[in-house]
Amino acid sequence: MGKKTKLALAIAAASAAAWAGSKAISKPQKREIKDVLQFDRPIVLAHRGGSHLAPEHTMIAFEKALDLGVDGFEVDIRLTKDEEIVVLHDDTIERTSDGVGFVKDFTLDELKEFNFGYQFEDLDGQFPYREKKAEIVTLRELFEKFPNTYINIDIKDGPDTYEGSLMPSKLWRLIEEYNAENRIVVTSFYSEQVDRFNLYAQNRVALGAGEADVRKAFTAFTSQFGHLYHPRVDVFQIPTKSGVISLDSSKFITFLSKLNIPVHYWTINDTEAMRRLIENGAQGIVTDRPDLAVPFLQQLQSEKEES
């Protein structure tokens, strides 16, 4: 046996020993399931209130989505110049309103002057809210209007911005003020923002996975050391793909489910895609088309119960 062969065998043996040793000392740590995530069926979350059916992030959209039977809302938040939390995706207002500029440069009163339904185009290619004003919504207003609704909150202001530095503490105080801990999920593209928020919340609010959390989980899943993965969040709300990497396999969903982490996919507006994801084990669909998703998931649930 040559020296190279002996060295390769030695490395393989050492790797196997390390793997076996890690299995012996590290056991998977399941997350305690938060109340807001305890569903016995797949759920529907209206993306920005259902942005293909009504002006996104407006009361018009949220009311319509709830009437259609959604289980909750998926919303984005940003901070205004006078440090009010508003429900909005972009850092500027021109895509959705008749105004121009950065959210952070306007006070709430100034933002209330704009029509956030102005740019909305319905499924027939019409602009029905050009003459009918739709105001921007604060997170406080959303809490008050829908006191029992599941709301998934995505922090958009980055951790390195002034607004982002304030957001985690301000968000926690608002959730605490409305005793909303058991009906909220807080997430962000920035895992750092989720961590910062949890410094205040101390796991009293369900946490969604940021980009770093997803990367860490998928790396663990594809390695031989998945047993070393100890999740710090309660739910994954993710796209079906990240670049060339598919995130929607039944095996990946099962890997997370075994740790009590449900997986919700966005933004799914096609019923065949919904069927495939639910059959793979997804526990939630985030959609712009709650008018399609709600009855379709109800149909799938009936088929499952009858089979």
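Our subject is the structure that appears above.
The text that follows walks through the structure, step by step, so that each part is easy to find. (Residues numbered from 1 in each chain as written. Predicted model: local features only at pLDDT ≥ 70, side-chain atom pairs only at ≥ 80, totals over all residues. Heavy atoms only, no water.)

Re the overall build of the protein
Helix and strand counts for the protein stand at ten helices and eleven strands. Residue pairs at least 24 apart in sequence account for 63% of intrachain contacts in the protein once pairs closer than 6 positions are excluded. Working note: accessible area of the protein is about 15200 Å², and carbon and sulfur atoms make up 50% of it. Distance between charge centres in the protein, computed from 37 positive and 48 negative side chains, equals 11 Å. (Helix = DSSP H or I, 4+ residues; strand = E, 2+ residues; numbered from the N terminus. Contact = heavy atoms within 4.5 Å. Areas by Shrake-Rupley, 256 points an atom, 1.4 Å probe, with all protein chains shown as cover. Lys, Arg positive; Asp, Glu negative; His and termini not counted. Charge placed at Lys NZ, Arg CZ, Asp CG, Glu CD.)

Regarding the nonpolar core
Counting residues in each nonpolar core, the largest one holds 62 residues, and the members touching the most others are Leu-139, Leu-171 and Phe-236. Non-local contacts of Phe-236, meaning those with residues more than four positions away in its chain, are made with Ala-209, Asp-213, Val-214, Ala-217, Tyr-229, Phe-252, Leu-256, Ile-261, Pro-262, Val-263 and His-264. (Core = buried A, V, L, I, M, F, W, Y, C linked by side-chain atoms within 4.5 Å. Buried < 20%, exposed > 50% of the residue type's maximum accessible area, 1.4 Å probe, protein only.)

Structural notes on unusual backbone geometry
The step from Trp-266 to Thr-267 runs through a cis peptide bond, and the omega angle for that step is -20°. Mapped onto the elements, Thr-267 comes out in the loop between strand E10 (263-265) and helix H9 (271-280). For His-57, which is not glycine, the phi dihedral falls at a positive 60°. Among the structural elements, His-57 can be located in the loop between strand E1 (43-47) and helix H2 (59-68). One non-glycine residue with positive phi stands out, namely Asn-179, at about 50°.

A few points about a negative patch on the surface
Together, Asp-82, Glu-84, Asp-109, Glu-110 and Glu-113 make up a region of like negative charge exposed at the surface. Relative to the elements of secondary structure, Glu-113 occurs in the loop between helix H3 (108-111) and helix H4 (139-145). (Patch = residues over 30% accessible without salt bridge, like charges linked within 9 Å, V, L, I, M, F, W, Y side chains within 5 Å. Salt bridge = Lys/Arg side-chain N within 4 Å of Asp/Glu carboxyl O.)

Topic: the pairing of strand E5 (residues 184-188)
In regular strands, side chains alternate between the two faces of the sheet. Along E5, five of the five residues are buried, which leaves the element largely enclosed by surrounding structure. Every second residue of E5 is oriented toward a common face, with Ile-184, Val-186 and Ser-188 on one face and Val-185 and Thr-187 on the other, all of them buried. Sheet topology places strand E4 (residues 150-155) next to E5; five bridges connect them, and they run parallel. Within E5, the position partnered with Ile-151 by the bridge is Ile-184. (Pairing = 2+ DSSP bridges.)

By themselves, these are just geometric observations and shouldn't be taken as functional.
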